[in-house]
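# Working through the structure, step by step
So you can see what is in the structure, the chains are spelled out below.
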Amino acid sequence: MGFGNVTSTSKTMKIIDTEKKIFVLIVEDDLLIQNIHKVIMTKFGTKVQIAANVKEVVVLFLSGASFDLILSDLEMPIMDGIEQRRSMGVTSMIVGVTSRNQDSEIQAFMKIGLNACYVKPLNAKKVTVVLNELKNI
């Protein structure tokens, strides 16, 4: 994947010199957090799709959708399961977002197959770290 440097101004943050658009799936049931994450990811120049629950994620992947990055709430209604996505052959970078701030809980989430885990909501600094990690995968 060819990614450029992250730049920021007071109005916009973006990845410059990209050879490939980054496709991001936001898996989140809370509308406010969906919107916050969508706005931030869009400002970084990514293409965003939202799923409100894991059932919608399964439908997307079974229909052939592909994403470079999945930002997934870890406390989801209607089905949960990072393990399920991995068992479906999903190779995307999966970043968990959670309202839980305990190190032990975050470590437990990491053991289920996440590439990273952050307390929500995400911000520009966290997204910069995630995009730099994605660049190196």
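One structure accompanies this document, and this report is about it. One numbering rule holds for all chains: residues counted from 1, following each sequence as written. Totals for whole chains, interfaces and linings use all residues, but because this is a predicted model, local features are given only for residues with pLDDT of at least 70 and pairs of side-chain atoms are given and counted only at 80 or more. Excluding hydrogens and water, the side-chain figures rest on all heavy atoms present in the structure.

### Describing the overall build of the protein
If you tally the helices and strands in the protein, you get five helices and seven strands. Put simply, DSSP H or I for four residues or longer makes a helix, DSSP E for two residues or longer makes a strand, and each gets a number counted from the N terminus. Going from N to C terminus, the protein has its helices and strands arranged as β-β-β-α-β-α-β-α-β-α-β-α. Burial status across the protein gives 42% buried among its 137 residues. Two residues form a contact once any of their heavy atoms are found within 4.5 Å. For the protein, contacts bridging at least 24 residues in sequence account for 57% of all contacts bridging at least 6. Accessible surface computed for the protein: about 7,200 Å², of which carbon and sulfur atoms make up 52%. Burial classes: relative accessible area under 20% of the type maximum marks a residue as buried, over 50% as exposed, and values in between as partly exposed (1.4 Å probe, protein chains only). Note on areas: Shrake-Rupley with a 1.4 Å probe; residue coverage comes only from the protein chains shown.

### Focus on the side chain of T98
Mapped onto the fold, T98 is located in strand 6 (residues 93-98). Any pair of nitrogen or oxygen atoms within 3.5 Å is treated as a polar contact; in protein, a donor-acceptor pairing is required on top of that, and neighbouring residues in sequence qualify only through side-chain atoms on both sides. Polar side-chain contacts of T98 include one of 3.0 Å to the backbone nitrogen of R100. Aside from chain neighbours lying at most four places away, what touches T98 is L74, E75, I106, F109, C117, Y118, V119 and K120.

### Topic: the pattern of salt bridges
In the sections that follow, a salt bridge refers to a side-chain nitrogen of Lys or Arg positioned within 4 Å of a carboxyl oxygen of Asp or Glu. For the coordinates displayed, the defined rule picks out two salt bridges. Linking K120 and E28 is a salt bridge whose minimum nitrogen-to-oxygen distance equals 3.3 Å. Note that K120 is positioned in the loop between strand 7 (116-119) and helix 5 (124-135) and E28 in the loop between strand 3 (23-27) and helix 1 (31-43), a separation of 92 residues in sequence. The burial state of K120 is the same as that of E28; both residues are buried.

### Digging into the pairing of strand 3
Counting buried positions along strand 3 yields four of five residues, so the element is predominantly enclosed. In the sheet, strand 3 pairs with strand 4 (residues 47-51) via five bridges, with the strands oriented parallel. Residue pairing for strand 4: L25 is matched across the bridge by Q49. Any two strands between which DSSP finds at least two bridges are classified as paired. As paired strands, strand 3 and strand 5 (residues 69-73) are joined by four bridges and run parallel to one another. Paired with I26 across the bridge in strand 5 is L71.

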